[in-house]
Amino acid sequence: MTIAPDHAPPREPATAASIFAGAGPMAALCSSYAWASTSIGCPDEWSAGLRAAAALVLAAPTPMVLLWGEDATQIYNDAYRELMGAKHPTVFGTPVRSSWPEGWHLDWELYTRAWGGESVMVDDAIVTVGRAGESSDASFTLGYSPARDEYGVIQGVLVAAFETTTLAAAQREARAAVRAKADFLAVMSHELRTPLNAIGGYAELLQLGVRGTVTPEQRADLERIQAGQKQLLGVIDDVLAYTKLEAGILHFAVEDVPLDELLTGCCALVGHEARKKKIDLRRSGSVGGLAARADGEKVQQVVLNLLTNAIKFTNPGGIITISCQEERGERIDITISDTGRGIALSDLECVFQPFVQVDAKLTRAQDGTGLGLAISRQMAQRMGGDLTVVSEIGAGSRFTLTLACGRCTQRAVG
Ligand code: ADP
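Residues numbered from 1 in each chain as written. Predicted model: local features only at pLDDT ≥ 70, side-chain atom pairs only at ≥ 80, totals over all residues.

### Examining the domain arrangement of the protein chain
Then step 1. Assigned domains within the protein chain: domain 1 (13-163), domain 2 (169-247) and domain 3 (255-405).
Then step 2. Just the C-alpha atoms count here: the centres of domain 1 and domain 3 sit 58 Å apart. (Domains from an automatic or database assignment.)

So this is what it looks like as structure tokens:
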């Protein structure tokens, strides 16, 4: 299908007058300019390709400069002129090299690539611009593309500029705000942790009978105090870890992590909780010698979070299975499956969002912040892996932590 142009195309090739028709001050300047003394000559003698390109630049509402010929003679439009400051009008119609002896405000390397036939785009290019008589740095996305004549031969380079200064400033501010939040929370968490540790410590002293005999009722109360203290410490740790991940300031010490040892350690840590709930915690498959390329502490944190959730959301009599599988020597899948209550298909992705708890009323009874999976997935991704889930309501869930393969440790097959 062809689209009819608004105006019927002229029968004759564009004349100099038609290039400059209807456009603004730069078109007027271009029309009256003494082109005869330049390397590209007078508009009446310009090739059809140069005329078309010049017309396009002069009519464009966004900043554009056309650099034509071997010496890159500059033709720019009204929007680009605003960026030129005191350089305008001296540099108009002159070669780039002679008009920017102090160093061109654009990029020679990118210009050369476009001259060679490449279309190049660069984000966050800092360009010195002159506005309201003052020179300042501004941020741009710049597109350099080859400009061809009517025979398809590259005769110049067209540079289109999109200013991103406001966006870049907003991004810088947002990053600074996230960083400030992380710093604030780090201080806050320290301030909260000190009295919380004291509460835990004194409760333990009382429990040990240091202040006198403890009645069974008092012991039960002390246990509640300690459980509450641990829960609060957990919340503080989660919020701090999540904020640090968000700000990109959580450090990862990547090394070869032997998985047998790590998974055995995790099972031992949650074993008591599983037994208390009469849940069968199993290891399946062989992990012997397998290693992941990751931060061991972070992997342990993710696996413990997945195991704790599995225990939390599985009823007594249920089964939790941990397995580990190497995929083509490239990646390792650590899978934690449970026969618990499962997650609805529509909620599967939401559980990785921060502060999301599916069926919050039910989950509240189990405590938690809704940050565990968000932290775990981000940690996995920061280590070059991922965390995914498949689940079915009433049938159970399977979370898979994928990590890069590390160098195998020479351990006996376990
Ligand atoms: P929380 O601290 O609340 O456990 P998470 O981010 O670890 O936060 O989990 C978010 C939500 O995902 C949980 O509140 C729960 O609704 C759901 N969930 C996580 N793991 C499981 C699981 N093994 N079985 C069923 N639901 C789960």
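### Considerations on the packing of helix H7 (residues 165-207) against helix H8 (residues 216-247)
Then step 1. In contact at an axis separation of 9 Å, H7 and H8 are set at 165° when each is read in the N-to-C sense. In terms of axis orientation, H7 runs roughly antiparallel to H8. Read as a crossing pair, H7 and H8 show a hand that is left-handed.
Then step 2. Residues belonging to the contact of H7 with H8 are distributed by class as follows: 17 nonpolar, six polar and six charged. (Axes fitted to C-alpha atoms, helices over the stretch in contact; angles between N-to-C directions. Helix = DSSP H or I, 4+ residues; strand = E, 2+ residues; numbered from the N terminus. Parallel < 35°, antiparallel > 145°, perpendicular 65-115°, else oblique. Left-handed = near helix turned anticlockwise from the far one by under 90°. Nonpolar A, V, L, I, M, F, W, Y, C, P; charged D, E, K, R; others polar.)

### Observations regarding the pairing of strand S5 (residues 154-163)
Then step 1. Two elements, strand S1 (residues 64-68) and S5, share five bridges in a ladder whose sense is antiparallel. Directly across from Met64, in S5, lies its bridge partner Ala160.
Then step 2. Taken together, the nine bridges between strand S4 (residues 134-148) and S5 define a ladder with antiparallel strand orientation. By the bridge assignment, Ser145 is partnered in S5 with Leu158.
Then step 3. Turn length for the S4-S5 hairpin, with the two strands adjacent in sequence and antiparallel, is five residues, and the turn residue Gly152 shows positive phi of about 85°. (Pairing = 2+ DSSP bridges.)

### A short note on the sheet that holds S5
Then step 1. What the five strands build is an open sheet, ordered S2-S1-S5-S4-S3; its pairing is antiparallel. Both edges of this open sheet fall to strand S2 (73-76) and strand S3 (120-131), since each of them pairs with a single strand only. Neighbour-to-neighbour, the strand axes of the sheet open up by a mean angle of 30°, direction not taken into account.
Then step 2. On the sheet, helix H6 (residues 108-115) packs against S1, S3, S4 and S5 and is oriented at approximately 15° with respect to S4. (Contact = placed C-beta atoms within 7 Å.)

### Comments concerning unusual backbone geometry
Then step 1. Of note, the amide linkage connecting His88 to Pro89 takes the cis form, showing an omega dihedral of 5°.
Then step 2. As for its placement among the helices and strands, Pro89 is situated in the loop between helix H4 (78-81) and helix H5 (96-99).
Then step 3. The phi dihedral of Asp124 is positive, around 55°, even though this residue is not glycine.
Then step 4. With respect to the element layout, Asp124 can be found in strand S3.
Then step 5. According to the C-beta neighbour criterion, Asp124 is exposed, with 12 such atoms within 10 Å.
Then step 6. Positive phi is not limited to glycine here, since Lys278 has a value of about 60°. (Buried ≥ 20, exposed ≤ 12 C-beta atoms within 10 Å, placed from the backbone.)

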